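# A closer look at the structure
One-letter residues, chain by chain:
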Amino acid sequence: LACWQAPALAAAKKKKRPNILLITADDMNCDSPGCFGGQTPDITPNIDRLASEGIRFTHAHVTIAVCQPSRSVLMTGRYPHRNGAEGFQPINTSVTTLQEELHKDGYLNGILGKVKHLAPIEKFKWDMDRDIGELGQGRDPKLYFKFARDFFQQAANNDRPFFLMANSHDPHRPYHGSLQEKNKFRKMLKDITAPSRVYRTEDVQVPGFLPDIPDVRKEIAQYYSSVRRCDDTVGEVLRALRESGLAENTLTMFLSDNGIALPFAKTNCYLHSTRTPWIVRWPGKIKPGTVDNRHFISGIDFMPTVLDVVGLSQTKGMDGFSFLPALLSKRQANRDKVFTQHHQTSARNRYPIRCIQNQRFGYLFNPWSDNERVFKNESQSGLTFKAMQAAAKTNPKIAARVKLFRYRVVEEFYDFANDPDALHNLSKDPKYKKELDKMRKELLNWMERTNDSAFEALKNCNSQEALKKFMTEQDAKSGKKKIKKNRTKKRTPQNKLVTK
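Read on for an overview of the structure. (Residues numbered from 1 in each chain as written. Predicted model: local features only at pLDDT ≥ 70, side-chain atom pairs only at ≥ 80, totals over all residues. Heavy atoms only, no water.)

## Concerning the nonpolar core
Here is the rule we go by: The nonpolar core is taken to be a set of buried Ala, Val, Leu, Ile, Met, Phe, Trp, Tyr and Cys residues, with the residues joined through side-chain atoms within 4.5 Å. Accessible area is worked out with a 1.4 Å probe on protein chains only. A residue is then buried under 20% of its type maximum, exposed over 50%, and partly exposed in between. The helix and strand labels rest on DSSP assignments: H or I over at least four residues marks a helix, E over at least two residues marks a strand, and numbering proceeds from the N terminus. The contact rule is simple, with two residues in contact once any of their heavy atoms fall within 4.5 Å.
Formed by 100 residues in total, the largest nonpolar core has its most connected members in Leu112, Leu164, Ile220, Phe254, Tyr363, Phe365 and Leu443. By residue number, the principal contributor to this core is helix 8 (residues 214-244), which donates twelve residues. In this view, Phe365 contacts Pro352, Ile353, Arg354, Val410, Leu443, Ala454, Ala457, Leu458, Cys461 and Leu467; residues no more than four positions away in its chain are not counted. Counting residues in each nonpolar core, the second largest holds 39 residues, with Ile91, Val115, Leu118 and Trp282 among its members.

Shown next, in the form of structure tokens:
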């Protein structure tokens, strides 16, 4: 009898292992969903419903506000400078991924969208993968429903627990109704699914960290239409789960990989760069409608938490730690701050930034800032930054914002209690010196502990020579060839251009 009971009990235990569904938005700002304070009418009914059925964290952050490295952090539990994916590089092959651990334990792994943003592919044991071209450019909710439904059915048919990462390509540029969209999808525009609701300029509220001028408001309206389509996709994935009959044994998470692709958000370390709308639903475990205003959780904590939830041992070498106690409404120590970073843009330009934030303050270190190097990123495409530059010619306040965004200063310090949109840099204000020094020291300790290459630069942040040396090393890591300032071009007999 005992010999029969042992495998039967083991099988019963395996059947109870929870499924994991991770739904991500692409470039959705932390305060866009209605449940996180979004003021645009009826903007995210499906995300709001999910929040009402679980817990939402008001102090949740991704570790780096760039698509690929942000997702690499989620799936390794390591900081970018510790997993190898500082920008758009693959992770180091020696680093263990969440998918590898789940695969060994019998989980069925699937991914919808952003497949190439987790590399190398062999480190992510996908049993099913459908990328942007099969998902209506990542913008067709019905196709997400179809493939999610098929995947859930496959898991049920094979009696296996599953992990599905469903990645919307909304509200990433090009925004719905924009000139960028018309140009990018020129030959297929008629096939791009429209949002269930399209917003007008008078419907939306411009974020406080941007000026409320006509072209900014116009682009924000386009962005919110794409936010609504992302919510449509979330709703369809959740419908597929609900109709599969597997929802009661599934832990569902929703978050965005980074903030909106506009100045002072994505590809930076500001509050609106890394803060993300993080929601978790787990029927029978998490009390519906819970709001956590106490704990800071971060992208590095995702993998440790999933391992904890499914009952697997913690993988060696991870930097994060499980927030399962916080999910179950228990107080958890060492969750009063978050460390974030930035390394390089998709164009491989190096703009290293390090940041520490707590509930009251944010401190940023910009070793690249030398009054000469100019910041360039995706956020400057489209209408908003061009409108800010035009307005800067006659508006001193906007001119100061444009200058700060393009050139920065070595240190920035913000008081979120009195300045929630981080508009006033207090790094030179003597009233805040004590707090700034304290946070700089905390950041230094963290950098030393995690073997961050920027440690010496911050330690010697008042030395232009030290910062220049650090940036020379950073530029060498970028992989970009050095371009000479004075270039002349001449045609070869083959009609090709060469540079001397």
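## Comments concerning unusual backbone geometry
A cis amide bond links Ala119 with the next residue in sequence, Pro120, at an omega value of 0°. Of note, Pro120 is situated in the loop between strand 4 (108-112) and strand 5 (128-130). In the segment running from Arg173 into Pro174, the intervening peptide bond is cis, with an omega of 0°. In this structure, Pro174 sits in the loop between strand 6 (162-167) and helix 7 (179-184). A positive phi angle, close to 55°, is found at Lys114, a residue other than glycine. Counting through the fold element by element, Lys114 comes out in the loop between strand 4 and strand 5. Judged by relative accessible area, Lys114 falls into the buried class, the value being 5%. Although it is not a glycine, Asn371 adopts a positive phi angle of roughly 70°.

## Focus: the sheet that holds strand 12 (residues 350-358)
For the record, the criterion: One bridge is not enough; two strands pair if DSSP finds at least two bridges between them. Working convention: axes come from line fits to C-alpha atoms, limited for helices to the stretch in contact. Angles between N-to-C directions cover 0 to 180 degrees.
Strand order across the open sheet formed by four strands is 11-12-13-14, with antiparallel pairing between neighbours. Both outer strands of the open sheet, strand 11 (337-344) and strand 14 (411-415), are each paired with one neighbouring strand and no more. Taking the axes of each pair of neighbouring strands and ignoring which way they run, one obtains an average angle of 10° across the sheet. Each of strand 12 and strand 13 (361-365) touches helix 16 (residues 464-477); the most contacted strand, strand 12, lies at about 115° to it.

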